[in-house]
Amino acid sequence: MSPTGWSVTGLDTDSMKIQALSVGKLTFYEQGLDDLLLKHLKSGNIRFTSSTKQAIRDNNIIFLCVGTPSDKDGSADLQFIRGVADSIGRYMNEYKLIAVKSTVPIDTNYKLVHWIREAQSTPNEFDVVSNPEFLREEASKPRFSI
């Protein structure tokens, strides 16, 4: 467990990315993150998998961080959110808190709830919350000062 008490599982369908991350090789650059990754891999606080079923069943909090590219008409393409919702509904085995970090239209959480329920063969309780992304890469100073 991490110093804050959390154990983290990273899920991706790209097995090459999972293999790299599992041995401490980042697939992107963020200053200082490589050292943090190695530290938490060594302590067992973080692990990576390409098994959607395992990731959903083994974790109580699920962060959705999937792409929402624009459709041809400019609206958000929710196919990846829908796909994750189907997997959550199919594989959840107990209560889950689902936090949406992806950039989505306002009514998407209602759709997400519907899609998860539709995919469930056995009803399990869950809640959906929004956790919007407001981070900037390599930000070391406040954006505004007074």
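Reading the values: rules and limits
Residues numbered from 1 in each chain as written. Predicted model: local features only at pLDDT ≥ 70, side-chain atom pairs only at ≥ 80, totals over all residues. Heavy atoms only, no water. Axes fitted to C-alpha atoms, helices over the stretch in contact; angles between N-to-C directions. Helix = DSSP H or I, 4+ residues; strand = E, 2+ residues; numbered from the N terminus. Parallel < 35°, antiparallel > 145°, perpendicular 65-115°, else oblique. Left-handed = near helix turned anticlockwise from the far one by under 90°. Contact = heavy atoms within 4.5 Å. Nonpolar A, V, L, I, M, F, W, Y, C, P; charged D, E, K, R; others polar. Buried < 20%, exposed > 50% of the residue type's maximum accessible area, 1.4 Å probe, protein only. Pairing = 2+ DSSP bridges. Right-handed = clockwise from strand over helix to strand, strands pointing away. Core = buried A, V, L, I, M, F, W, Y, C linked by side-chain atoms within 4.5 Å. Phe/Tyr/Trp six-rings, centres within 6.5 Å; stacked < 30°, edge-to-face > 60°. Lys NZ or Arg CZ within 6 Å of the ring centre and 35° of its normal.

Engineer: I tried to follow the packing of helix H4 (residues 79–91) against helix H5 (residues 108–119) on my own but got confused; where do I start?
Structural biologist: The description of two packed helices rests on the angle between their axes and on the distance between the axes. Look at H4 against H5: their axes get within 7 Å of each other, and the N-to-C directions meet at 40°. What the angle tells us is that H4 and H5 run oblique. For the element pair H4 and H5, the recorded crossing hand is right-handed. Residue-level inspection shows Ile81, Arg82, Ala85, Asp86, Ile88, Gly89 and Arg90 of H4 in contact with H5, the latter providing Thr108, Leu112, Trp115, Ile116, Glu118 and Ala119. Tallied by class, residues from the contact of H4 with H5 come to seven nonpolar, two polar and four charged.

Engineer: Just checking my understanding: could you explain the pairing of strand E4 (residues 96–100) for this structure?
Structural biologist: Most of E4 is tucked away, with four of its five residues classed as buried. Relative to strand E5 (residues 126–130), E4 runs parallel, the two sharing five bridges. By the bridge assignment, Ala99 is partnered in E5 with Val129. In the classification by handedness, the crossover that spans E4, the intervening H5 and the parallel E5 is right-handed.

Engineer: Help me out: how do you make sense of the sheet that holds E5 in this one?
Structural biologist: Through backbone hydrogen bonds, the strands of a sheet pair up, either in parallel or in antiparallel fashion. Reading across from one edge, E3-E4-E5 is the order of the three strands in this open sheet, with parallel pairing throughout. This sheet does not close on itself; its edge strands, each paired only once, are strand E3 (61–64) and E5. Ignoring which end each strand starts from, the neighbouring axes of this sheet average 20° apart. Helix-sheet contacts for H5 involve E3, E4 and E5, and the interaxial angle to E5 is about 155°.

Engineer: What is the right way to look at the nonpolar core in this model?
Structural biologist: Most often, soluble globular proteins keep nonpolar side chains buried together rather than apart. Counting 15 residues, the largest nonpolar core has Leu64, Ile88, Ile98, Leu112 and Ile116 as its most contacted members. When contributions to this core are tallied by element, the ones reaching two or more residues are E3, H4, E4, H5 and E5. The contact partners of Ile98, leaving out residues within four places of it in the chain, are Ile62, Leu64, Ile88, Leu112, Ile116, Phe126, Asp127, Val128 and Val129. By size, the runner-up hydrophobic cluster in this structure holds five residues, among which are Ile18, Leu21, Leu37 and Phe48.

Engineer: I keep staring at the packing of aromatic side chains and nothing clicks. Help me out?
Structural biologist: The description of an aromatic ring pair uses the distance of the two centres, along with the angle that the planes make with each other. Overall, the coordinates contain zero aromatic pairs when judged by the stated rule. Seen from the ring of Tyr91, Arg90 lies directly overhead, with NZ or CZ sitting 5.2 Å from the centre.

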